[in-house]
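Structure assessment
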Amino acid sequence: MEAPEDGEEDEREALKRHLRAERQKRKKRLLEQSSIQKSRDADDVKDVTSIQQYSADEGPSEKADDSVVLSKSRTGSQKGLTSRTQHTHHLDDFVKRRLEEKLKAARSKGESLQDKEASLEFPSRLHSLRDRDTVTRFDREADADRAGRRDSPPPLSTRVRFREAARQVGKGLPTAEEAFNFFTLNFDPDPPDVIETSSRRRQKQRKTTDEDEEHEDVDEDIQEENETQSEEAPLVQTQEDLFVIDQSPQDFLEIRKAEYVGYQKLLQLQSELLFTPSFRTVPTSIKLPENMKPRYLEDEGLYVGERPPVSLTNENILENRILKMEEGKKWFGDDGRIIALPNPIKESSTRPPLFHMEEALDPALQTVYRKAVKSKYANLYIAGAADPEGDYQLDVDVSGLIFSHHPLFSREHILGARLAQMYDQYLTRQRNNLTGHLTDKLNGLRNALRNMLESHSGLNPTQALQQRISEYNLEVRNTRHLRDSEQEKDRTLLKNIVKVWKEIKALREFQKFTNTPYKLYLRRENVDRVSDEQDYEDEILAEVVELEAETEEEYQNKLAEYKKRLEEWKLCRKKQKAKKKKQKKKKKGQAQDDTEGEDEEQDVSESEGPTDEPPPKPEPPERPDLGSIEQWVREKALRIRRKPGEAILIPELSASANITASELCPRAEKARREDVARRSLFTKILYNDKEVSRTDSRSLNTDFRVHFGQIFNLKIVNCPQSISLQVFEEIGSSCSLLAQVFLPVPEPSVVTGSVPLEEFEFSSNQRVMFDHEGVGSDVPLSFEADGSNKQSLLTSGKVSCCVSWGIGDDDVPLAPPISQQPGGVHSGKGHLDAVSYIGASGLYDMKKIGEWAKQSRLDPNDPKNASIMQLLKVASSGEVTAPEYFRLEHLQEEFNFVTDEELEKSGRFRLLKLRNQEVAEFRNYKFIPALEREVTDTVFQEYEKRLKEGEVIDTKEHLDSHRALVAKYLQKIRESVINRFLLAKHHYLLSDLVTEEEIPTIGILGINLFKLAEPKRPLKPQRKERKKVTAQNLSDGDIKLLVNIIRAYDIPVRRLQSNKPGQSSHSALQGSIGLPDQIQVRPFVEVSFQRTVLQTATADGPNPCWNEELQLPFSAPNGDYSTASLQSVKDEVFINIFDEVVHETVMNDKNRGKSIQTHIEKRWLGSVKIPFSTIYSQSKIDGTFKVNTPAVLLGYSKEKSHFTNSGFDILRSLSEGTFITLFITVDPQLVPGESVREKFDTQEDERLLQASERFERDAAQRYPDRPCITTVIDLSGKTVFITRYIRPLSPPKELLDEFPNNPLEATPLVARFVSLIPSLPDQVSFSATCDLWSTCDQFLTLLAGDEEEHAVLLCNYFLSLGKKAWLIIGTAIPEGPTAYVLTLEQNLYLIWNPCSGQFYGQYDTFCPLQAVGCLVNADNVWFNIQQYTSPMRVSFDITKANLWKPFFSRTFSHPGLSSIQPEELVYRRTDRAAAAELQDRIERILKEKIMEWRPRQPTRWNRYCTTTLKQFLPKLELIRGQDVAEGHRHELQSLLGDYRISGFPLNLVFSEIRPIIEAVYSTGIHSVQASNVEFALAVYVHPYPNNVMSVWIYLASLVLT
Amino acid sequence: MAELHIIGQIIGASGFPEKTLFCKWGIHTGEAWRLLSGLKEGQTQVDSPQIGDIAYWSHPIDLHYATKGLQGWPKIHLEVWHQDSFGRCQLYGYGFLGDDFDEKEGGRETEKQSEILLTAARHLNSAQFTCSCVIQRIMRHVYRAVNIHTSI
């Protein structure tokens, strides 16, 4: 087909195409027919015998016919065959040929052939359809004529055949074949169709050919021509043969002989299909199971009810039928009858008997006829609601109830409600901002007026202009009045709010309790005083000018009127005078003519009417007093406006006040509150005055708000007439109706989800009175003191609810159509309504909106129109620019309501962001204010400062430049470590997220059951496993530190100060005389943690037992209880032992005689420090600790231990000391942070790593509680084998130089040097659980490290000193898993604590090392596989393989690992000058601090003592505080004979100033209360190589005696 | 300035040919929106339900946005993946929860559970998703803008 040439011809083309297609189809059909004919003709020629044979088959009667007829009839029969299945389609020649071939082949088979043919043609038809096209197309032109001619004969022949067949039927019985043909052949129904369609087609073709002439090919045309010819040909023929047309209907019909089945046969057939049960009685034996006798229950004496009567025949039929069924027997009872219930029909009638034959019926029983009444709403059914699918649904959302007055309101509630109401009003007024709007308008009008006057000042004002000016003037006046009244309202409202708030405050003060949570803040917004005053004055001036003009104008008007009236009056007077004269004349001539006179009189009387009372002489208007106008305006302004320069007050109402608890209230109030608590409310929902549902009953809250929050879906059938809510109040079981609220029926467009809640007011006029604080309802009450100004309040309130139409599943609103709404469509609001003006669809059209806005003269200043004006502005501006570019979010800029800068500036957002980013300053910042102005800039100051300063390091804070550098370095490492662990921290295991309770198994259950049966033993408490608490659900106050102080040993005792004058201390004197043992010492323990201080009771003696538990609250920094934060808590628990000393001073008073004053003084004896991080990671600490006692304790001496040791001097001196037994834990138990599970990169051999992993795993499997470490992580985050850390390194030369002869002597000094390096746990420094091992040079640079670093350094030093030394990996108290150093000296093993520099013998009971896990030296790692772990019971002989399992053995030899330690450590020289400077600084700071801690007393410093102490400190350092210098004490005593001295030196490791201050504070030396106390403070800093400092602080308090 | 809190959770998915599923999600906003706190994209754990057909994730979503304009309301996109026994992941479906996930309820807190159909490469499946959305504070002029938005 040709492509359509242009769009206009499209339709035509389509039509044509269609027609052509149709034509083609028809053509095809015709051609098919013709082709069949053609092929048949060919067959005719070829195969005469077959035809003859065929014709012979047809029937004997045709034999005699001539060949033409023969061929015709044959084709006809064939035609009939094909058209049997489909009238319009014909078989193609292919099928035909096949058929005929078969025919030939099966010639001998004779009659059975045709059956086959019929069955064959169905499947082959499908093929034929495909072939048909090609075949016909090429043949049709040649054969068109013939085909055309041939087309018509078949019907003729069929007819002939039909008639013949009929004839034959009439003659007698037909042959079987004939019968078959008769019944099965479909005699050709084509002819009428063909005629009809062909004629129609011809017309069409004519039309189309006319149309197509230009487009069609010539070839096509020819074809067309042929077509028409071919189609015309049969038409002509058939038209000639009219007979055919007449007969044609018969050809459709299939006429056959009626089939008759005999009645008997029918019955037989039916009986085969149907089942008719017999109605004979069934023998009982069949009905019962085999071999069972029928059992009659009646005979056995049981009651059997009467069966319902059933006729025997029916019963029999039923039984027979049932028996045929499967399991039919189950329907029969034991007696062989069908199981049946007793006859249900009652014997006697239950209806009351009616004896109304004669007498009248009892009126109660009389039947009353009532006319059927139509339901009120019967005709209001919504159409379509009848079927249950088309439901309409109303959603009634009852949200809540707020009482604005309730009988149970207290006075404060009334005021509160009033305040809230006024505040609401204030807010609405603020929102509408009418005053501002009116002021703007006023200014605008004034400007316009001024402009107008200015522009026309020179010209003579025209009439129109004058008119406009006066209009403007009027407008200005009206607006001003409005503005003034609005301003006045604002002002009075504000005043009232403040007044009511004052009343509330007064009331609260008076009644001494608070009932309402209201709290009013008045926020001041300061204004620029000068400009404000200027505005104020301008305003007044403008108003005065206007008023003057107005009054002037008024005056002029009045004057004009006056003049006018004066004129009138004068005229009147003249008239009157004239009349009087006239009358006089008339009276004279009255007698002359009566009739005339009467007329006259009438006239006169008429005209005289007004003249009877002559108009009063108008008063001239007073000249207005212009001076008073300003006065008046000023007064008014003062009344309605705030004074110039006065701050704008903005009230803010919040519900943040605390309501006084009921216990604290007086009885009446308590009664009221109880009454309130007893009440509950519910609402009923009434639809068309019928209750449809009700809300749950909710109790009344103290704030008189009830929240229902229920949505009711009402499926409705009736038209909604009314929807109402009834509010009920319930007290106990009784309930009463409070009020009824009517809700409007929503418009159909109001659907659920699109409507906000509305508030409906209700009130009730019930009178309620109470005898308690509740004010009641409709009861007069007064807030004035004198009882005046009474008012009575009615119960009232607001229901917030909304009614809307529901939405169906497919978002279809379930609302009835508008037309059915009884209310009808609301009329438009007038021509100014936008929707009615331009129609709803027009709302999208900006132009129309603009037009409308112009026409209706929208006030652009009116806030109501603001949205439209804005829209118009946006739209018009958008049109003007018409951007060329594409924007994804167009109108973005226009719809922004803040700029980027404003968004950036917002402090709140910034704070939120910083908190989210976990910036150190804002991490775990708790509450961020909701309002912008509440975020102060000070919050950011610190952060900004830090950002600004960045890298600059404040040396002042660190006291030491080196340490400052180290701190910076540490900070950098920390950051890198944190970054490295950040990823690892986010890897969660299943157990991190899911905590599953174990399901008890049978075994556990059994044990538990067994336990139940156990005898209870309350005296033998058993420790239970505590539940661990994850950190995230904790808050301040949840965590407590439990410190159980059990006992102490060897506390120093007081030394008798015998050389003192006797009267010095009464108690001491007494003690020395009387019982010396009792007053030795009275110790108590004070525990301080995070500035909370608790103390135990005081005990007696040097070995006291307290057994007391102290609970200290714990709060995490910034309230962050995450694991990372808890790990980095640096706080320490200080456990100080004090001696309680009681002084009694005798006061001699002349008047009253003697009185004794008792002073209790506490003296510090020693302390134990335990970092919180240790407690946290250990979760409990239990054991005996050595107390750090000062080297010298003035006034005290050690009680010599009574047992003598086995000759080792070292050991004996070691066990001397004070010890304390403690148990510390955190309650609830916290989950310690897990170590980082991350593989780190390494430079170690893979084989070695695998071996170490295996080694550690084996160790953990066999001895889970023994620590075993083979690989560690170094500072750069690489895994390193542990033995690489061990390498002999020489200690600083200075230390060795002290003992040039005996290097062994230097050992304690070296240990002391190591212990002086500050200790800082890794988790604190890196805020992540990781164990980083730094090498010795790194450690000495950082000057801070864990126990491991100390141990490694000490071990390396010992090795360089020629000792045999190992690293012990084990557990100790209080550190937990740690590292110690083991040395072998003179066949004795010594265990060194690297952090304290202390050493212990292997068999020392007080050795803090609790368990030994493995030993490490440069060559190997040995794991402890002995039975015990305690160092006392462990053999340290590592050569025994059955006791120590070596890592490197014969099978896996040491691969020669090189050390990662440097070859030699480089030390910096000691800097004495720096030390001296530091010393001064510390001293100054401490002095300041001590004075700061004593804010109420003067702090005097005893300089003399200080210098003495200062001299003493270096000596102490020299002897490392080892033994107490008795001489020193005596020296002091002699120097300061008159003073009672108590004091001690402290030796500290220097890291920062803060721990030093803490340590001084914890001794409590500042807390001496005596009035004449003096203090002495001496500081000495001893420098060691590499900036390691030992700080000595000597503290003493001196009391003059 | 207006702020928006998006609080909700991805409950789970059902109707996929396999049950071992996880979900990747993300929230897309227009230019005017600033994330104040919370994560705006993430991935759930793999849930392999032994009972029932729904793979439950119960994955919380908690975001806080500030905005200077109204366009580009947050949309959430979800991808449901399947992890087979060899640890290979395959995308099973994806979908968007668009504008209707913010309910302009005038400041009322709404909680709704919406089920979104995920478009999948091979199968049409569904994943359940809930979100509740609280419009916390929108100042006055925002309301105006909203009014225009709805009345046009």
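Residues numbered from 1 in each chain as written. Chains lettered and ligands numbered in written order. Predicted model: local features only at pLDDT ≥ 70, side-chain atom pairs only at ≥ 80, totals over all residues. Heavy atoms only, no water.

Short version of the rule: UniProt positions are given in the numbering used here, feature names are shortened, and annotations may be inferred rather than shown by experiment.
The name that an unreviewed UniProt entry assigns to chain B is B9 domain-containing protein 2, with the source organism given as Haplochromis burtoni. Taken directly from UniProt, the Subcellular location (unreviewed entry) text for chain B runs: "Cytoplasm, Cytoskeleton, Cilium basal body".

1. Quick look at helix α16 (residues 463–511) of chain A
The condition that has to hold: Runs of H or I in DSSP of at least four residues are treated as helices and runs of E of at least two as strands, each being numbered from the N terminus. For a helix, the expected span equals 1.5 Å multiplied by the number of residues minus one.
Between its first and last C-alpha atoms α16 of chain A spans 71 Å; for 49 residues at 1.5 Å apiece the expected length is 72 Å, and the two agree. Among the residues trailing α16 of chain A, Lys512 of chain A stands out with phi positive, at a value near 65°.

2. Some thoughts on a positive patch on the surface
Basically, it comes down to this: Residues qualify for a patch when their relative accessible area is over 30% and they have no salt bridge, like charges being joined within 9 Å and the nonpolar side chains of Val, Leu, Ile, Met, Phe, Trp and Tyr within 5 Å. Only the protein chains shown count as cover for residues, and the accessible areas themselves come from Shrake-Rupley with a 1.4 Å probe. Only one rule defines a salt bridge in this text: a Lys or Arg side-chain nitrogen within 4 Å of an Asp or Glu carboxyl oxygen. Charged residues are defined narrowly, with Lys and Arg counted positive, Asp and Glu counted negative, and His plus the chain ends left uncounted. Where a charge lies is defined by one atom per residue type, namely NZ (Lys), CZ (Arg), CG (Asp) and CD (Glu).
A contiguous patch of positive charge, built from Lys570, Arg573, Lys574, Lys577, Lys580, Lys581, Lys584 and Lys617 of chain A, is present on the exposed surface. Structurally, the position occupied by Arg573 of chain A is in helix α17 (residues 529–589).

3. Quick word on the nonpolar core
Residues and elements named next belong to chain A. Selection rule: Definition used in this section: a nonpolar core is a set of buried Ala, Val, Leu, Ile, Met, Phe, Trp, Tyr and Cys residues joined via side-chain atoms within 4.5 Å. Relative accessibility thresholds used throughout: buried, under 20% of the residue-type maximum; exposed, over 50%; partly exposed, between the two (1.4 Å probe, protein chains only). We call two residues in contact whenever any of their non-hydrogen atoms come within 4.5 Å of each other.
Core analysis: the biggest nonpolar cluster contains 72 residues, and Leu1041, Ile1135, Ile1220, Ile1482 and Ile1593 have the highest contact counts within it. The dominant element in this core, judged by the number of residues it contributes, is helix α42 (residues 1472–1493), at 6 residues. Setting aside anything within four residues of it in sequence, one finds Ile1593 in contact with Leu1486, Phe1544, Pro1545, Leu1546, Leu1548, Ile1556, Val1560, Leu1577, Ala1578 and Val1579.

4. Let's talk about the confidence of the model for chain A
All names here are of chain A. Using the following cut-off: pLDDT expresses how confident the predictor is about each individual residue, on a scale running from 0 to 100.
When pLDDT is averaged along chain A, the result is 72, and 66% of the positions lie at 70 or above. Taken element by element, chain A is modelled with least confidence in helix α32 (residues 1066–1073), mean pLDDT 38, and with most confidence in strand β34 (residues 1421–1424), mean pLDDT 90. Counting interchain partners and residues more than four positions distant, the pLDDT-below-50 stretch residues 110–159 has 78 contacts.

5. Notes on the packing of helix α15 (residues 434–455) of chain A against α16 of chain A
Residue and element names in this part refer to chain A. Short version of the rule: Here an axis means a line fitted to C-alpha atoms, over the contact stretch when the element is a helix, while the angle between two N-to-C directions is reported on a 0 to 180 degree scale. Just so you know how the angles are binned, under 35 degrees is roughly parallel, over 145 roughly antiparallel, 65 to 115 roughly perpendicular, and the rest oblique. A crossing counts as left-handed when the near helix is turned anticlockwise from the far one by less than a right angle, and as right-handed when that turn is clockwise. Any residue that is not Ala, Val, Leu, Ile, Met, Phe, Trp, Tyr, Cys, Pro, Asp, Glu, Lys or Arg is counted as polar, Gly included; the first ten are nonpolar and the last four charged.
Interaxial distance between α15 and α16 falls to 9 Å at its minimum, and their mutual angle equals 155°. Classed by the angle they form, the pair α15 and α16 counts as roughly antiparallel. The two elements α15 and α16 cross, and the hand of that crossing is left-handed. The residue makeup of the contact of α15 with α16, split by class, is 13 nonpolar, 5 polar and 8 charged.

6. Concerning the pattern of salt bridges
Residue and element names in this part refer to chain A. Across all of its chains, the model carries 42 salt bridges over all chains by this definition. Of the charged contacts, one joins Glu315 and Arg337 as a salt bridge, the two residues approaching to 3.9 Å between their closest N and O atoms. Of this pair, Glu315 sits in helix α13 (residues 312–324) while Arg337 sits in the loop between α13 and β1 (392–405), and the two are 22 residues apart along the sequence. Residue Glu315 is classed as buried on the basis of its relative accessible area, which comes to 16%. Taking the relative accessible area as the measure of exposure, Arg337 reaches 35% and is therefore partly exposed. Glu550 is the salt-bridge partner of Arg480, the closest N and O atoms lying 3.5 Å from each other. Residue Arg480 is found in helix α16, and its partner Glu550 is found in helix α17; the two are separated by 70 residues along the sequence. Both residues of the pair, Arg480 and Glu550, count as buried. Taken together, the shared-partner salt bridges in this structure form one network comprising Arg446, Arg477, Arg480, Arg483, Asp484, Glu539, Glu543, Glu546, Glu550 and Lys636.

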